[in-house]
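Breakdown of the fold
For reference, the chains in residue letters:
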Number of protein chains: 2
Amino acid sequence: MCIVFGGGIRVAELNLLQEKILSDGVIRPGNVLKVDSFLNHQIDVPFISELGKEFKKLFGDRKVDKILTIEASGIGIACLTAVYFGVPVVFAKKSAGSNMDKEMFATEVMSYTHNRKNHVVVSKKYLKPGEHILIMDDFLANGCAVSGLLDLVKQAGGIVEGIGICIEKGFQGGGDALREAGYDVRSLAVIEKMDAETGVITFR
Amino acid sequence: MCIVFGGGIRVAELNLLQEKILSDGVIRPGNVLKVDSFLNHQIDVPFISELGKEFKKLFGDRKVDKILTIEASGIGIACLTAVYFGVPVVFAKKSAGSNMDKEMFATEVMSYTHNRKNHVVVSKKYLKPGEHILIMDDFLANGCAVSGLLDLVKQAGGIVEGIGICIEKGFQGGGDALREAGYDVRSLAVIEKMDAETGVITFR
């Protein structure tokens, strides 16, 4: 069972995603939160579309030419948000090879889930100088994936308008480091801590 | 330049996707059709949403509980179609390991693009007996990926209502083999042949 405490007091006002995490998320040892019933294996499309609307509200005042994400689990939320912006999605591809293709921007992203370094690439045709980019992903923990995407936008000479995240693991610090660096990071749910034994999730 | 011939005569009535392939697709030697400007690297979300509507028309009379696809390039079209069906998407995951997880249905899919066999898995939680499944993918060539997805549905005891494909390479025979086996395969564009030298694409 999951319940939520904010500073010891149950927080009454939860948003859509926080409610969903409490009802459908499963905490596993090692600070793992399984949300594969609705976000990153099975995708609850009607629900994730509502999150897309939410991101449109959060970043609606920004100029967004394109949404950039990374395969595979960012693609769903990125597409279902792009519907409301009326813009394309570009997804960075993970590649085992490390060959430098002249047609590609490339960066390295450490994956702690799979304990390996991924070579991540985007075609130079789909990130251009001066483009206004919204970066999106399903999860933000230590921030490795987002940092890789930022690096790709920087190489292309694009402008990062914001970073939209479904679930941020606040206790891993990646989001705060990005905020301190000046990025507009908006996470629909920031987990302050979670306890696999008691099943308690604390949102920021 | 791409032009289209049907039996030597230019076909006047092209659908949305066929038009898009002719305007934005690039033929490469070895029967490779690059559509990464709108379908499988950059995703032209407003356009792909129109294809989603098209699939809803094609399969709208079927009972569809869930759309099943495979990461990564099937996720966009699957999600943008699921919006019109109001159902979840499940995407099968490629996994390097071959360990048999009791919680997963697993199958093998040959990838000719990457010249390797992928171990492909779906959690048993997200494919259930009696569920009515629409299988979708961006491309259908020899049919290996779709056959893998069919195998997963069969293991789960689900019912395949249809197979929705954006681009079928008709000359590779995978689609026709599936039709002969009794599946309702609908492809928005079936390429009968294409020629990298002349740039001519012939639709069925």
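Residues numbered from 1 in each chain as written. Chains lettered and ligands numbered in written order. Predicted model: local features only at pLDDT ≥ 70, side-chain atom pairs only at ≥ 80, totals over all residues. Heavy atoms only, no water.

An unreviewed UniProt entry lists chain A under the name Xanthine phosphoribosyltransferase, from Dialister invisus DSM 15470. Annotation of chain A in UniProt includes, under Function (unreviewed entry), the sentence "Converts the preformed base xanthine, a product of nucleic acid breakdown, to xanthosine 5'-monophosphate (XMP), so it can be reused for RNA or DNA synthesis." Of chain A, the UniProt comment under Subcellular location (unreviewed entry) reads exactly: "Cytoplasm". (UniProt positions renumbered as here; feature names shortened; annotations may be inferred.)

A few words now on the interface of chain A and chain B. Contacts between chain A and chain B engage 32 residues on the former and 32 residues on the latter. Both faces combined, the contact of chain A with chain B buries some 2500 Å², and carbon together with sulfur accounts for 64% of it. Considering only the side of chain A, the residues that lose the most area to chain B are His-41, Gln-42 and Tyr-126 of chain A, jointly responsible for 27% of the buried surface there. On inspection of chain A and its partner chain B, the count reaches zero salt bridges. On inspection of chain A and its partner chain B, the count reaches 14 residue pairs in polar contact (both at pLDDT 80 or more). (Contact = heavy atoms within 4.5 Å. Buried area = accessible area lost by both parts, 1.4 Å probe. Salt bridge = Lys/Arg side-chain N within 4 Å of Asp/Glu carboxyl O. Polar contact = N/O pair within 3.5 Å; in protein donor to acceptor, adjacent residues only side chain to side chain.)

Here we take up the relation of the copies chain A and chain B. Between chain A and chain B, the superposition needs a rotation of 180 degrees and an axial shift of 0.0 Å, giving an RMSD of 0.0 Å. What the rotation and shift describe, once combined, is the action of a two-fold rotation axis. Among all C-alpha atoms of chain A, that of Ala-72 of chain A lies closest to the rotation axis, at 2.6 Å. Of the residues that chain A buries at the interface, 100% are likewise interface residues in chain B, meaning the two copies contact each other through the same surface. (Least-squares fit on C-alpha atoms with pLDDT ≥ 70 in both.)

On to the pattern of salt bridges, then. Residues and elements named next belong to chain A. Within this structure, the stated rule accounts for 28 salt bridges over all chains. The salt bridge involving Asp-184 is made with Arg-62; its shortest N-O contact spans 2.9 Å. Of this pair, Asp-184 sits in the loop between α5 (174–180) and β11 (185–194) while Arg-62 sits in the loop between α2 (45–59) and β5 (66–70), placing them 122 residues apart in sequence. For Arg-62, a relative accessible area of 28% puts it in the partly exposed group. Between Arg-186 and Asp-184 there is a salt bridge, and its shortest N-O distance comes to 2.6 Å. In this structure Arg-186 comes out as partly exposed when scored by relative accessible area, which is 27%. Taken together, the shared-partner salt bridges connect Glu-168, Asp-176, Arg-179, Glu-192 and Arg-204 into one network. (Helix = DSSP H or I, 4+ residues; strand = E, 2+ residues; numbered from the N terminus. Buried < 20%, exposed > 50% of the residue type's maximum accessible area, 1.4 Å probe, protein only.)

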